Amino acid sequence: MTELRNDLFLRALRREAVERTPVWIMRQAGRYLPEYREVRRHAGSFMQLCTSPELACKVTMQPLDRFDLDAAILFSDILTIPGAMGLGLDFVEGEGPRFARPVRSKADIDALPLPDPEVELRYVMDAVRLIRSELDGRVPLIGFAGSPWTLATYMVEGGSTATFSLAKQLLYSDPESAHRLLSLLARSVSIYLEAQAAAGAQALMIFDTWGGALTPSAYREFSLAYMSEIVDHLAASKHARDIPVTLFTKGAGSWLKDMAQSGCAALGVDWTVDLGDVRRAVGDQVALQGNMDPAMLYASPTQIREQVSVILQSFGHGNGHIMNLGHGVQPSVDPERVAAFVSAVRELSPAYH
Ligand code: CP3
């Protein structure tokens, strides 16, 4: 394997010394980039883009060619697993994901298969292998999956939701079936992430976008417990035992303390909490990634720079910080503002190391 020329991100995940704070951006490949929209138009649909390793590789590299980023993230989607389970995944233009056959009954849950990552999801593994070879040691590659709970919300609701009525109805009216579904998803995510590591992913991240919609006890029972199961599986696995895992629950707030005990290497932190407070609470256990409000990228370059400075100051001196937004970059953001964010981190962060 080619030697990694920039390992700042991996060192920061291990809370080792770095000369500046590494930076990458959630959803860094996507619609805010005109070159992405161009490839997407030619591909015809988002799923065609995801299922072509060549195109997935091409759009993974686009943000790296534009900005001085310290990590690449596999171009794919969290919904590949439910797609591979046969739910009929489609991304409707302007509306987001839709499942033709949502999971609505005990029988639907019992009928769900466990996809083989190297068979039904082979296109993802081929993309990981191709991206690793294309990166050629430039920066590390992050592989990812959705959390069981977040995947379950899409599978049960049949798409995006504002209220989580059906998914929560399942949790509260038939917890046994909910646990069967979440347990299958935890197994599926575990082998999927392990396969990504075997294919060449150098860090792994679990996106729990909707964990924050739960109550504290429901979060522990239906989301965190299954993410912990995945972390345990990976730590005991042949291919992923040394691969750092980041957990990101949007809206985690005070639950970050519980998350830090899962055995993960790092926590993704959204913009609703003070990074310094989080560091004081859990910084001796995990690295922290975040946490600028994605909407700050609508502000002027001067304001963006000030906000970067506020976050660096809030974390303070020392190791274990990866700069990022607190959630994905919005499609209507000007790429110049992203450039301002990345260069502010490059310029201001050496003073903290
Ligand atoms: O970070 C990256 O650059 C890697 C790519 C990535 C995508 N989706 C590409 C994508 C990642 C890490 C994801 C994760 C994902 N997908 C999450 C978790 C993270 C988060 O943002 O909360 C979720 C909840 C999804 C599900 C999903 N995928 C939705 C709800 C949508 C539609 C809404 C939207 O933003 O368009 C998608 C589609 C999607 N995934 C796009 C991209 C670039 C846009 C599709 C297009 O080009 O038309």
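Here the structure is a predicted model, which means the values were calculated and not measured. (Residues numbered from 1 in each chain as written. Predicted model: local features only at pLDDT ≥ 70, side-chain atom pairs only at ≥ 80, totals over all residues. Heavy atoms only, no water.)

**Q** Can you walk me through the site of the ligand in this structure?
**A** Inspection of the region around the ligand gives 23 residues, with Arg 27, Arg 31, Tyr 36, Asp 77 and His 327 positioned closest. Within the contact set of the ligand, an oxygen atom lies 2.7 Å away from a side-chain nitrogen or oxygen of Thr 209. In the environment of the ligand, an oxygen atom lies 2.6 Å from a nitrogen or oxygen atom belonging to the side chain of His 327. Out of a free accessible area of 870 Å², the ligand has 90% covered by protein chains. (Near = heavy atom within 4 Å. Polar contact = N/O pair within 3.5 Å; in protein donor to acceptor, adjacent residues only side chain to side chain. Areas by Shrake-Rupley, 256 points an atom, 1.4 Å probe, with all protein chains shown as cover.)

**Q** What is the right way to look at the layout of surface pockets in this model?
**A** Space left empty within the atom packing is revealed by a probe, the size of a water molecule, rolled over the atoms. A volume near 1200 Å³ is recorded for the largest pocket. Counting residues per element, the ones that place at least two in the lining of the largest pocket are helix H2 (34–43), strand S2 (89–92), strand S3 (96–99) and helix H8 (148–157). The element that contributes the greatest number of residues to the lining of the largest pocket is H2, accounting for 3 residues. For the lining of the largest pocket, the class distribution of residues is 19 nonpolar, 12 polar and 7 charged. When residues of the lining of the largest pocket are assigned to domains, at least three fall in each of domain 1 (7–22 + 277–353) and domain 2 (29–66 + 71–250). Here the second largest pocket defines a volume of roughly 160 Å³. Sorting the residues of the lining of the second largest pocket by element identifies helix H6 (106–110) and helix H9 (165–173) as the ones contributing at least two each. (1 Å grid on protein atoms, 1.4 Å probe; cavity = no way out; pocket = protein on both sides within 12 Å on 5 of 7 lines; lining within 4 Å. Points joined across faces, edges and corners; volume = space filled by probe spheres on them. Helix = DSSP H or I, 4+ residues; strand = E, 2+ residues; numbered from the N terminus. Nonpolar A, V, L, I, M, F, W, Y, C, P; charged D, E, K, R; others polar. Domains from an automatic or database assignment.)

**Q** So what exactly am I meant to see when it comes to the domain arrangement of the protein here?
**A** Accessible area lost on assembly of the parts is the figure often given for the size of an interface. Taken domain by domain, the protein holds domain 1 (7–22 + 277–353) and domain 2 (29–66 + 71–250). Centre-to-centre separation of domain 1 and domain 2, based on C-alpha positions: 24 Å. The partner domain 2 presents 16 residues to the 12 residues of domain 1 that form the contact. Inspection of the region where domain 1 meets domain 2 yields 0 salt bridges. Listed by contribution, the elements that provide at least two residues to the side of domain 1 that touches domain 2 are helix H1 (8–13) and helix H15 (335–348). Here the element with the most residues in the side of domain 1 that touches domain 2 is H1; it accounts for 3 residues. Grouping the constituent residues of the side of domain 1 that touches domain 2 by class yields 8 nonpolar, 4 polar and no charged. (Contact = heavy atoms within 4.5 Å. Salt bridge = Lys/Arg side-chain N within 4 Å of Asp/Glu carboxyl O.)

**Q** I'm lost on unusual backbone geometry in this one. Help?
**A** Excluding glycine, residues mostly have negative phi values, and the peptide bonds linking residues are mostly trans. Cis geometry marks the peptide bond from Gly 290 to Asn 291, where omega comes out at 0°. Of note, Asn 291 is situated in the loop between strand S8 (287–289) and helix H14 (301–315). We note that Arg 15 has phi near 60°; this positive angle belongs to a residue other than glycine. Its location among the elements puts Arg 15 in the loop between H1 and H2. Looking at Arg 15, the relative accessible area reads 31%, which means it is partly exposed. In this structure, Phe 164 takes a positive phi of about 60° despite not being glycine. Its relative accessible area of 6% is what places Phe 164 among the buried residues. (Buried < 20%, exposed > 50% of the residue type's maximum accessible area, 1.4 Å probe, protein only.)

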